[in-house]
Every structure is written in structure tokens, then in C-alpha cells.
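# Observations on the three-dimensional arrangement
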Amino acid sequence: MRVIKQTSEMARTAGALRRAHQTIGLVPTMGALHDGHLSLIRAAAKQTRVVVVSLFVNPLQFGPGEDYDGYPRDLKQDLNLAKAAGTDIVFAPHVSQIYPADFSTSVQVDGLSDILEGQARPGHFRGVATVVMKLFQIVQPMVAYVGQKDYQQALIIQRMVKDLGIPTAIRLLPTVREPDGLAMSSRNRYLNPEERRQATVITRALREAADGIRAGEHNPKTVADALRHLMTREPLVRIDYVALVNARTLAPLPRLTGRVAILTAAWVGTTRLIDNILVDV
């Protein structure tokens, strides 16, 4: 496995691979790799010739007071995990490589970026879209692999690719969960044992909401109220938002029909977690 830290070297390598007709698959990450990331890497290894994993904690997607400085970083462990999962190239640039001192351009996907996570974390998705665009330009992937846990983010990347004619296919793969159901996240390590136990209510509530819809409840307010009621039984859980929306557009639904995305964000202690589930009505 090769480790590249310079954008110029990564771009030259990607160009040579494309000229040799090698299919490049990209798994963009902020490091702190877990089994969710590794499932994306394994899928890329099965479907593409060269797997590139980016390890870059992107400062543009962190707001004031968020955990950029404290975000978990362990390059040695990440390299070992990436190699074992089938990675060919790790792209691990310094911030100055991605954002030079005179950097002044950003990418904004209107509409999808302004609601839910975008409303809770202003500027977050502009940072995501900007760094993903840079990674696509440098790595030149034919396919990029993203996880369903960050569902709104995945839709925004898909919209950016479509609107700007970027020749990269986006593969959305299912959320990988802990044995108790909690969605795998690099931030789970912030939770103490009691917070970790109470956090599992998020998954239980989402699954009960989905079961209610499948059983015939098509009133979004009824489902959302039941979901909130269950989550707030745990005293350390504070709901940020609950939304039942069209899974393609994230538009609110007056009545649940078609493919529905149930999205939620909640604080568990001082840690903010997001999760979702998709339901076909």
C-alpha cells in the first residue's frame, strides 16, 4: 500500500492510472476508521481496480465550538486498517495541501444544504462539498463510496456531481451498526459507558417508527411524536430534530408515501449523533 501526502503526487498518480485504463475507487474519510469505513473499502476493492482512501480531517466542515481540534486522529492505526481492508493508496494530505494560504473558493449546493443538518450546522455542507470537489479533482475517481449514515451528505454529493457534470458515480452503501444497533461513528468513542447504553435508543426508536409505517401508519406527525416519546425516555438524550421526508428530495411529507427517510439528530451527553432509516411505503 502506498501513502501519498502531496496533492501534486496524488494527481500525477491518478492521471497515470487513468491513462492506463485503471478504474479508481475513492473512499473519502476523515480517518478514525471503523467497520463502517472498512465496509466501503471492501466494496471498492471488489468493484474497482485501484482503491484510494483519503484521510483528511476537513476544517471547513466544522463550525465554531465543534470538535475539530479534538477529532480523533490515529494515522498508524488507520493505515493498518486501510491496508487490511484492501486499500492500494492512502491519500493523507496536510491541511495546507488542500487549502493553501490563498485558497478562496467554495462549493455550495443550495436547497438540500439549507435544512436539517444544514440548519443545525450552518456552513457544514459547504465545507463538505468543497473538500469532496477537491478530492474528486485530485484523485479523479470513477466511483466514490459513501455510507447511508450520512444520508443528507450523500444526497448533496450526488446533486453536486449531477449539476456539475462530474464523471464520478456515487455508490451509497448501508449503514454499518454495532451489535446493539448503534450506527458506527468515529464520535461514538466520545461516549462514556452510560451514554453509550442510552444512545442505543436512537436506533430502537427509528426501527419502531419504521415498523409503525409498515403496519399502516401514514401520518408523519403521529410517527414523529412516537419516535420523540421513545427517545426522550432516556434522560441523557436530547433531540435536535426528527424528520420524516421524501427520501430523494428531503421535502416534508403531508402523508407518508413512496420512499420515506426518517432522519434524526440527538445529543447524548455532550456528543451529537445522527442516524436514519429508509422505509418504502
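Here, the structure is the one placed above.
Presented here is an overview of the structure given in this document.

Definitions and cut-offs
Sequence order as written defines residue numbering, which begins from 1 separately in each chain. Given that this is a predicted model, residues contribute local features only at a pLDDT of at least 70 and side-chain atom pairs are listed and counted only at 80 or more, while totals for whole chains, interfaces and linings are drawn from all residues. Side-chain metrics rest on all non-hydrogen atoms present in the structure, leaving aside hydrogens and water. For salt bridges, the criterion is a side-chain nitrogen of Lys or Arg within 4 Å of an Asp or Glu carboxyl oxygen. Secondary structure elements follow DSSP: runs of H or I no shorter than four residues count as helices, runs of E no shorter than two count as strands, and numbering proceeds from the N terminus. Exposure classes here rest on a 1.4 Å probe applied to the protein chains alone. A residue is buried below 20% of its type maximum, exposed above 50%, and partly exposed in between. Here, strands pair whenever DSSP counts at least two bridges between them. Orient the strands so they point away from the viewer; a crossover is then right-handed if the path from the first strand over the helix to the second runs clockwise. Axes here mean lines fitted to C-alpha atoms, for a helix over just the part in contact, with angles spanning 0 to 180 degrees between N-to-C directions. Residue contacts follow a heavy-atom distance rule, with two residues in contact if any of their heavy atoms lie within 4.5 Å.

By the definition in use, this model includes 16 salt bridges. When the shortest N-O distance is used, the salt bridge between Arg259 and Asp280 registers 2.8 Å. Taken together, the residues span a long stretch of sequence, with Arg259 in strand S8 (residues 259-268) and Asp280 in strand S9 (residues 271-280) at a distance of 21 residues. Residue classification places Arg259 among the partly exposed residues on the basis of a relative accessible area of 45%. Among the charged side chains, a network of salt bridges with common partners joins Glu194, Arg197, Arg204 and Glu234.

Among the five residues that make up strand S5 (residues 143-147), four are buried, leaving the element largely enclosed by the rest of the structure. Pairing analysis gives two bridges linking strand S2 (residues 24-29) to S5, with the strands arranged parallel. Its bridge partner lying in S5, Gly25 is registered against Val143. In the sheet, S5 pairs with strand S6 (residues 169-173) via five bridges, with the strands oriented parallel. Bridged to Ala144 within S6 is Ile170. In terms of handedness, the path from S5 via helix H7 (residues 151-164) over to S6 forms a crossover that is right-handed.

Before going further, it helps to spend a moment on the sheet that holds S8. Each strand in a sheet pairs with its neighbour through backbone hydrogen bonds, running either in the same direction (parallel) or in the opposite one (antiparallel). If you trace the three strands from one edge of the open sheet to the other, you get S7-S8-S9, paired in antiparallel fashion. Each edge of the open sheet carries a strand with a single partner, namely strand S7 (237-246) and S9. Geometrically, the sheet is characterised by an average inter-axis angle of 15° between neighbouring strands, direction not taken into account. Both S7 and S8 contribute to a ladder of nine bridges, which runs antiparallel. Residue Val245 lies in a different strand from S8, and its bridge partner there is Ala261. Contacts from helix H9 (residues 201-214) reach S7, S8 and S9, with the element oriented near 20° to S9.

This brings us to unusual backbone geometry. Of note, Ala32 is a non-glycine position whose phi angle comes to about 50°, a positive value. Its place among the elements puts Ala32 in the loop between S2 and helix H2 (35-47). Note on Ala32: relative accessible area 3%, which makes it buried. Although it is not a glycine, Gln140 sits at a positive phi angle of roughly 55°. Looking at the element boundaries, Gln140 is found in the loop between helix H6 (124-139) and S5. On the basis of relative accessible area, Gln140 is assigned to the partly exposed category, the value being 24%.

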